[in-house]
Amino acid sequence: MTSAASPHLTGGLNTLVSRGRVDADRAELAPRGELVHGCADILARTLSDLPPTVTRVDLDMGDVHFMDTAGLQFLDVLGDHARQRSLTVTLTNWNGQPRRILELAGLDPTDPLAGPDTTGPDGTDPARPTGHDPAPGPVPPTAPASSAVAMERAERLHILQEEVEQLRQAIVSRPVIDQARGILMATHGCTSDEAWHILRETSQLSNTKLREVAAAVTAGAEADGPAPPPELRTALQRALARRRPQPG
């Protein structure tokens, strides 16, 4: 018998989990959208609404298309809930950018709740003792190994944060770049790919960020819009000239 889904599973404003199903002792959840600020709180409310008879929670992450470091908090909440309730939890079908973020954080996309992978090149974990029967005597200090693991995790987190910021900038820049491509296509009769190459070459020739080039082209196309700066205008003309078919 399948129970009715919780209100947190059926949609609504600021709802992360859009589909949910509870069948006997198993809950199937399907988050959709982005794992960003607030996602951990939404998950906590969703989990607290599950019946006490649930002993297994399966999450299909296939509809999650973006996550930042808040996604790691999402995993922490899920892991804490699993330990407190003695639940079996699975997260499957990670793909795209979220999968990349897990890999940068040192997590296994097939089992991200297992924690960071700290194994070294020889397959051993420097944070864990090796061997079955430790020899008697003083225990060797582990601080250097622990410090090395901590430094590696900090470096992975730094790389993760940089990649997330680059993705955010790309998402913000996309609309104005698409507008500039459309303007070049309409004005100069070029294809979408040609317009993209023209913008990129203009950016390189003028040593200007691609988004700034696109913004200047878009602004200049308006009725009373300002003309691009001279160095940008020169670079754009050179890029256009290289893309025009030569006579004969």
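Reading the values: rules and limits
Residues numbered from 1 in each chain as written. Predicted model: local features only at pLDDT ≥ 70, side-chain atom pairs only at ≥ 80, totals over all residues. Heavy atoms only, no water. Helix = DSSP H or I, 4+ residues; strand = E, 2+ residues; numbered from the N terminus. Buried < 20%, exposed > 50% of the residue type's maximum accessible area, 1.4 Å probe, protein only. Contact = heavy atoms within 4.5 Å. Areas by Shrake-Rupley, 256 points an atom, 1.4 Å probe, with all protein chains shown as cover. Polar contact = N/O pair within 3.5 Å; in protein donor to acceptor, adjacent residues only side chain to side chain. Axes fitted to C-alpha atoms, helices over the stretch in contact; angles between N-to-C directions. Parallel < 35°, antiparallel > 145°, perpendicular 65-115°, else oblique. Left-handed = near helix turned anticlockwise from the far one by under 90°. Nonpolar A, V, L, I, M, F, W, Y, C, P; charged D, E, K, R; others polar.

Undergrad: I tried to follow the overall build of the chain on my own but got confused; where do I start?
TA: What the chain contains, in helices and strands, is 7 helices and 6 strands. Across the chain, helices and strands are ordered from the amino to the carboxyl terminus as β-β-β-α-β-β-α-β-α-α-α-α-α. With 248 residues in all, the chain has 33% of them scored as buried. A separation of at least 24 residues holds for 62% of the contacts in the chain among residues at least 6 apart in sequence. Carbon and sulfur atoms form 52% of the exposed surface of the chain, whose accessible area is close to 15,200 Å².

Undergrad: What am I meant to see in unusual backbone geometry here?
TA: If a residue is not glycine, its phi is most likely negative; likewise, a peptide bond is most likely trans. Its identity as a non-glycine residue notwithstanding, serine 86 has a phi of 55 degrees, on the positive side. Of note, serine 86 is situated in the loop between helix H2 (70-85) and strand E6 (88-92). Look at asparagine 207: it is not a glycine, yet its phi comes out positive at around 55 degrees. Residue placement: asparagine 207 occurs in the loop between helix H5 (192-206) and helix H6 (210-220).

Undergrad: Sorry if this is basic, but what is going on with the environment of asparagine 95 here?
TA: As for its placement among the helices and strands, asparagine 95 is situated in the loop between E6 and helix H3 (96-104). According to the relative accessible area criterion, asparagine 95 is partly exposed, its value standing at 33%. Considering only alpha carbons, one finds asparagine 95 and glycine 62, 33 residues apart in sequence, at a separation of 6.6 Å. Not counting the four nearest positions on each side in its chain, asparagine 95 is found in contact with Gly62 and Val64. There is a polar contact of 3.2 Å between the side chain of asparagine 95 and the backbone oxygen of asparagine 93.

Undergrad: How do you make sense of the packing of H5 against H6 when you look at a structure like this?
TA: Running from N to C, H5 and H6 cross one another at 115 degrees; their axes reach a closest spacing of 9 Å. Classified by the angle their axes make, H5 and H6 are roughly perpendicular. Where H5 crosses over H6, the handedness of that crossing is right-handed. Counting all contacts with H5, which are made through Trp196, Leu199, Arg200, Thr202, Ser203 and Ser206, the residues of H6 involved are Leu210, Val213, Ala214 and Val217. Looking at the contact of H5 with H6 residue by residue, the class counts come to 6 nonpolar, 3 polar and 1 charged.

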